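The lines below spell out each chain.
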Amino acid sequence: LALDGSPVISELWTDAPDFNAPSISPTGFDAGFSYCSQLNFDFFPADATLENCEDLISVTADMEHSYLGDLEINVTCPNGQSVLLQEQAGGGIYLGEPVDFEDDLTEGNCYQYGWSETSTLGQIEDGANASSVTYVDALGNNVTANIANPGIYQLDAGNTLCDLVGCPLNGTWEFCFTDLLG
C-alpha cells in the first residue's frame, strides 16, 4: 500500500429523504380520546421491514402539553404492532411551553422530545431532567413551570422499541397521544 498524500474527497451519504411530518393541533378537552398524526412512508425498498432493533435509533417529535401526567403516547407501525412510549405519569411536568388556560386551544412553543433504547437520560416523567422555566406564552401570559428539558429519553419500564422489529417500513405509521384527563 502506497500513500502519496493526495486529498481524498468524501461524499456525505444519507439514507432517507427529508419529509415534513403533519402536526396534531389542539382539538378539545375530552378525556380519553386519542389524537394521532399519520406518517406515510413509500421510499424504502418494497417489502423492507425493521430487521434489527438497533436500526431504529429513536422516535422523536416536537410537542407541547401542559401536564405530562395526562398523557399516554404510542407509535404504531403499518401492520399494527405498537409500542407505548409514555405511560400516564409525570405529574405537573410540562412538555414545551404550552398555553395552559382552560378552554383555550392556542398552540404553544414546542420542544423536541424523543425515546430511544440507548438513552442515558432516564424516563421523561421522573423529572430528573426538568427545569423551572419562566416564559411568556402565546397569549402574553407570564408563566413559570417545571418543563422537561428537550432530549431523547428512555421508554417507560417494560416497553421497548424492539417490539417494532418485523414492522414494514413502507406504509402508514401513527404517532398518537391519549389525553386521559379532561
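Our structure is the block above this text.
Everything numeric in this text was worked out from a predicted model, so none of it was measured.

Here is what the cut-offs are and how they apply
- Residues numbered from 1 in each chain as written.
- Predicted model: local features only at pLDDT ≥ 70, side-chain atom pairs only at ≥ 80, totals over all residues.
- Heavy atoms only, no water.
- Helix = DSSP H or I, 4+ residues; strand = E, 2+ residues; numbered from the N terminus.
- Buried < 20%, exposed > 50% of the residue type's maximum accessible area, 1.4 Å probe, protein only.
- Contact = heavy atoms within 4.5 Å.
- Areas by Shrake-Rupley, 256 points an atom, 1.4 Å probe, with all protein chains shown as cover.
- Pairing = 2+ DSSP bridges.
- Axes fitted to C-alpha atoms, helices over the stretch in contact; angles between N-to-C directions.
- Disulfide = S-S within 2.5 Å.

**Section: the overall build of the protein chain**
Next, step 1: Assigned secondary structure in the protein chain consists of zero helices and 10 strands.
Next, step 2: Its helices and strands in sequence order give the protein chain the pattern β-β-β-β-β-β-β-β-β-β, from N to C terminus.
Next, step 3: Within the protein chain, the fraction of its 182 residues that count as buried is 35%.
Next, step 4: Within the protein chain, residue pairs in contact and separated by at least 24 positions form 75% of the contacts whose partners lie at least 6 positions apart.
Next, step 5: Put simply, the protein chain shows about 10700 Å² of open surface, and 49% of that area lies on carbon and sulfur atoms.

**Let's talk about the sheet that holds strand β2 (residues 59-63)**
Strand pairing within a sheet occurs via backbone hydrogen bonds; the two strands may be parallel or antiparallel.
Next, step 1: Pairing is mixed across the open sheet formed by three strands, whose spatial order is β2-β6-β9. Unpaired on one side and paired on the other, β2 and β9 (151-153) mark the two borders of the sheet. When the angles between neighbouring strand axes are averaged without regard to direction, this sheet yields 25°.

**Focus: the pairing of strand β7 (residues 130-136)**
Next, step 1: Pairing geometry for β7 and strand β8 (residues 142-148), over seven bridges, is antiparallel. Considered in β8, the bridge of Thr134 is made with Thr144.
Next, step 2: Connecting the antiparallel pair β7 and β8 is a turn made up of five residues, with Gly140 showing a positive phi of about 90°.

**Regarding the sheet that holds strand β1 (residues 33-41)**
Next, step 1: The sheet built from four strands is open, its strands ordered β1-β10-β3-β4 with antiparallel pairing. The sheet is open, and its two borders are formed by β1 and β4 (82-86), each paired with just one other strand. Recorded for the sheet is a direction-independent mean angle of 20° between the axes of neighbouring strands.
Next, step 2: Inspection of the sheet shows strand β3 (residues 71-76) paired to β4 by four bridges, in the antiparallel sense. Paired with Ile73 across the bridge in β4 is Gln86.

**A word on the environment of Thr178**
Next, step 1: With respect to the helices and strands, Thr178 occurs in strand β10 (residues 171-179).
Next, step 2: Overall, Thr178 belongs to the buried group, its relative accessible area being 10%.

**Some words on the environment of Leu56**
Next, step 1: Secondary-structure assignment places Leu56 in the loop between β1 and β2.
Next, step 2: Separated by 109 residues in sequence, Leu56 and Val165 have C-alpha atoms that sit 8.9 Å apart.
Next, step 3: With near-sequence residues (within four places) excluded, Leu56 lies in contact with Leu50, Leu161 and Leu164.

**So, the state of the cysteines**
Next, step 1: Counted according to the given criterion, the structure contains three disulfides.
Next, step 2: The disulfide that involves Cys36 links it to Cys176, with 2.0 Å between the sulfurs. Where Cys36 bonds to Cys176 through sulfur, the torsion about that S-S bond is close to 115°, and the disulfide is right-handed. Remark: Cys176 occurs in strand β10 and Cys36 occurs in strand β1; sequence separation between them is 140 residues.

The analysis is restricted to geometry; functional conclusions fall outside its scope.
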